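Below, each chain spelled out in residue letters.
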Amino acid sequence: MKFRTLALCSLPVLLLGASCASVEDRGPQGLLAPGDPARAVMAAVETVMTSDPAVDADDPALWADPRDPSRAVMFGTDKSDGLYVHNLDGTVRQFLPSGPVNNVDLRPGFPAVTGERVLVAASNDAPGANGVNLYLFDPATLTTSDYGFLSTAYEPYGFCMGRRGEAFYLVVTTKAGTVHQMTITAGPAGPVIGPERVLTLGSQLEGCVVNDAADTLYVGEEDVGFWRFDFDPAGPTAATAIARVDRIRIKDDVEGLTILRDRGVEYLIVSSQGDSTYPVYRIEGDNHVYLGRFAIVDGPVIDGVTQTDGLDAFSGPIGRFPEGAVAFHDHADTPHPGQQNFKIVDWRDIRTALGL
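Scoring rules and cut-offs
- Residues numbered from 1 in each chain as written.
- Predicted model: local features only at pLDDT ≥ 70, side-chain atom pairs only at ≥ 80, totals over all residues.
- Heavy atoms only, no water.
- Helix = DSSP H or I, 4+ residues; strand = E, 2+ residues; numbered from the N terminus.
- Rg over C-alpha atoms; globule rule 2.2 N^0.38 Å.
- Buried < 20%, exposed > 50% of the residue type's maximum accessible area, 1.4 Å probe, protein only.
- Pairing = 2+ DSSP bridges.
- Axes fitted to C-alpha atoms, helices over the stretch in contact; angles between N-to-C directions.
- pLDDT = per-residue confidence, 0-100.
- Contact = heavy atoms within 4.5 Å.
- Salt bridge = Lys/Arg side-chain N within 4 Å of Asp/Glu carboxyl O.
- 1 Å grid on protein atoms, 1.4 Å probe; cavity = no way out; pocket = protein on both sides within 12 Å on 5 of 7 lines; lining within 4 Å.
- Points joined across faces, edges and corners; volume = space filled by probe spheres on them.
- Nonpolar A, V, L, I, M, F, W, Y, C, P; charged D, E, K, R; others polar.
- Disulfide = S-S within 2.5 Å.
- Phe/Tyr/Trp six-rings, centres within 6.5 Å; stacked < 30°, edge-to-face > 60°.

## As for the overall build of the chain
Line of reasoning, step 1. Each helix and strand in the chain was counted, giving two helices and 28 strands.
Line of reasoning, step 2. Here the C-alpha atoms of the chain give a radius of gyration of 20 Å, agreeing with the 21 Å that 2.2 N^0.38 yields for 356 residues.
Line of reasoning, step 3. For the chain, the spread of C-alpha atoms along the three principal axes comes to 70 × 45 × 45 Å.
Line of reasoning, step 4. Considering the chain as a whole, with its 356 residues, one finds that 55% of them fall into the buried category.

## Focus: the sheet that holds strand 11 (residues 129-138)
Line of reasoning, step 1. Read from one edge of the open sheet, four strands run 9-10-11-12, paired in antiparallel fashion. A single partner strand is all that each edge strand has here, and the edge strands are strand 9 (101-112) and strand 12 (143-151). Neighbour to neighbour, the strand axes of the sheet diverge by 25° on average, direction disregarded.
Line of reasoning, step 2. Sheet topology note: the strand 10 (residues 115-126)/strand 11 ladder contains nine bridges and is antiparallel. Bridge assignment links alanine 122 to a residue of strand 11, and that residue is asparagine 133.

## Regarding the confidence of the model for the chain
Line of reasoning, step 1. With 93% of its residues at a pLDDT of 70 or more, the chain has an overall mean of 92.
Line of reasoning, step 2. Low pLDDT, under 50, characterises residues 1-23; the stretch is placed with 44 contacts to residues that sit more than four places away or in other chains.

## A look at the pattern of salt bridges
Line of reasoning, step 1. Scanning the model with the defined rule gives 23 salt bridges in all.
Line of reasoning, step 2. The closest approach of N and O atoms between glutamate 155 and lysine 175, which form a salt bridge, is 3.7 Å. Note that glutamate 155 is positioned in the loop between strand 12 and strand 13 (158-164) and lysine 175 in the loop between strand 14 (167-173) and strand 15 (178-187), a separation of 20 residues in sequence.
Line of reasoning, step 3. Glutamate 155 sits in the partly exposed class, given a relative accessible area of 36%.
Line of reasoning, step 4. For lysine 175, a relative accessible area of 38% puts it in the partly exposed group.
Line of reasoning, step 5. Two residues, arginine 293 and aspartate 275, come together in a salt bridge whose shortest N-O distance is 2.9 Å. Note that arginine 293 is positioned in strand 25 (residues 287-297) and aspartate 275 in the loop between strand 23 (265-272) and strand 24 (278-284), a separation of 18 residues in sequence.

## Focus on the layout of surface pockets
Line of reasoning, step 1. One number sums up the size of the largest pocket: a volume of about 800 Å³.
Line of reasoning, step 2. Surrounding the largest pocket, 44 residues form its lining, Leu62, Asp105, Leu106, Arg107 and Ala313 being those nearest its centre.
Line of reasoning, step 3. Sorting the residues of the lining of the largest pocket by element identifies strand 5 (57-65), strand 9, strand 10, strand 13, strand 18 (205-211), strand 22 (254-262) and strand 26 (311-315) as the ones contributing at least two each.
Line of reasoning, step 4. Ranked by residue count, the leading element in the lining of the largest pocket is strand 5, at eight residues.
Line of reasoning, step 5. Class assignment for the residues of the lining of the largest pocket results in 23 nonpolar, seven polar and 14 charged.

## Considerations on the pairing of strand 12
Line of reasoning, step 1. Relative to strand 12, strand 11 is paired through eight bridges, and the arrangement is antiparallel. If you follow tyrosine 135 over to strand 12, its bridge partner there is aspartate 146.
Line of reasoning, step 2. A loop of four residues connects strand 11 with strand 12, the two strands running antiparallel in sequence, and leucine 142 in this loop sits at a positive phi of about 60°.

## Quick word on the state of the cysteines
Line of reasoning, step 1. In total, this model carries one disulfide according to the counting rule given.
Line of reasoning, step 2. For cysteine 160, the disulfide goes to cysteine 208, at an S-S distance of 2.3 Å. Because the torsion about its S-S bond is -120°, the bridge between cysteine 160 and cysteine 208 counts as left-handed. Of this pair, cysteine 160 sits in strand 13 while cysteine 208 sits in strand 18, placing them 48 residues apart in sequence. Both residues of the pair, cysteine 160 and cysteine 208, belong to the buried class.

## Concerning the packing of aromatic side chains
Line of reasoning, step 1. On inspection of all chains with the given rule, the structure shows twelve aromatic pairs.
Line of reasoning, step 2. When the ring of phenylalanine 110 is compared with that of phenylalanine 168, the centres are 5.2 Å apart and the planes differ by 90°; the resulting orientation is edge-to-face. Of the two residues, phenylalanine 110 is situated in strand 9 and phenylalanine 168 in strand 14; the sequence distance between them amounts to 58 residues. Of the two residues, phenylalanine 110 and phenylalanine 168, neither departs from the other in class, the shared state being buried.
Line of reasoning, step 3. Among the aromatic residues, those joined into a cluster by ring pairs are Trp63, Phe75 and Phe137.

Here is the structure:
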């Protein structure tokens, strides 16, 4: 997360030509943001932390048992300490002290030696120890265990996962503007990583999401917009621009990206971090139709959401949400100074607010 700065100086300082202080250029947020009006929704659930007064949250990932959607969890990163596993009422189920993990994603059906598991992974930018933390989540016991660590020669920043048939992929994005795509398989002694495919954009990247069904990869270039790549390792490497930062629909930084499927339609949801809004696009093959944007406002019990880094959507029933849910990082959890957390919004409320 970053913001450009504006210099604020008193008149005498300007006249003297002296240096002056800088502040973050955020501008009006949420419903007050200039540009296309954002529609209001409220969060239904928020994570609650009692053991750490300063969670440095960033990115969530949702999972539900397809046979019993009431059995559901949410993974959430803490950029200082590790990976949390939350119940869908917001309470903590498990904590893995993995260090400064940033973005997290998962794919079910991974054929581990111990049986079929959900593969979970998160980027880690610990100084001198860059890489990706790997985990296995057991759907039977709802417990998560460490599965190893992939060291990288570059500093990982954003992260997502994808699947092509029986092949599982890790995708790492960097501040240098590169995207690294590689396979992961289960070897007898642990994970085995395949060769990298490297894609390139012009500046700092973070959020990404793979549309497994369409074999495409979306990547957010923070100050520019977001792009689509062919996810086939043997496919073309050119990027297709989908939407640009225009400060009308999207204000820099572009952060998290996620896809939700509902009633035969695919929706791409974006975190416009600079104004705390969430533009929504309908995916129609090569076309992406802008449908409007929303903001998460204060409710009777749960506060609103600002400066979202990561977000994640779950399509279909999960926990108390019969038609899907979207989870969001919240930069400031009111009324807990210094505390960040995650909010979950019922997809039906977003759908109603945008008239979808």
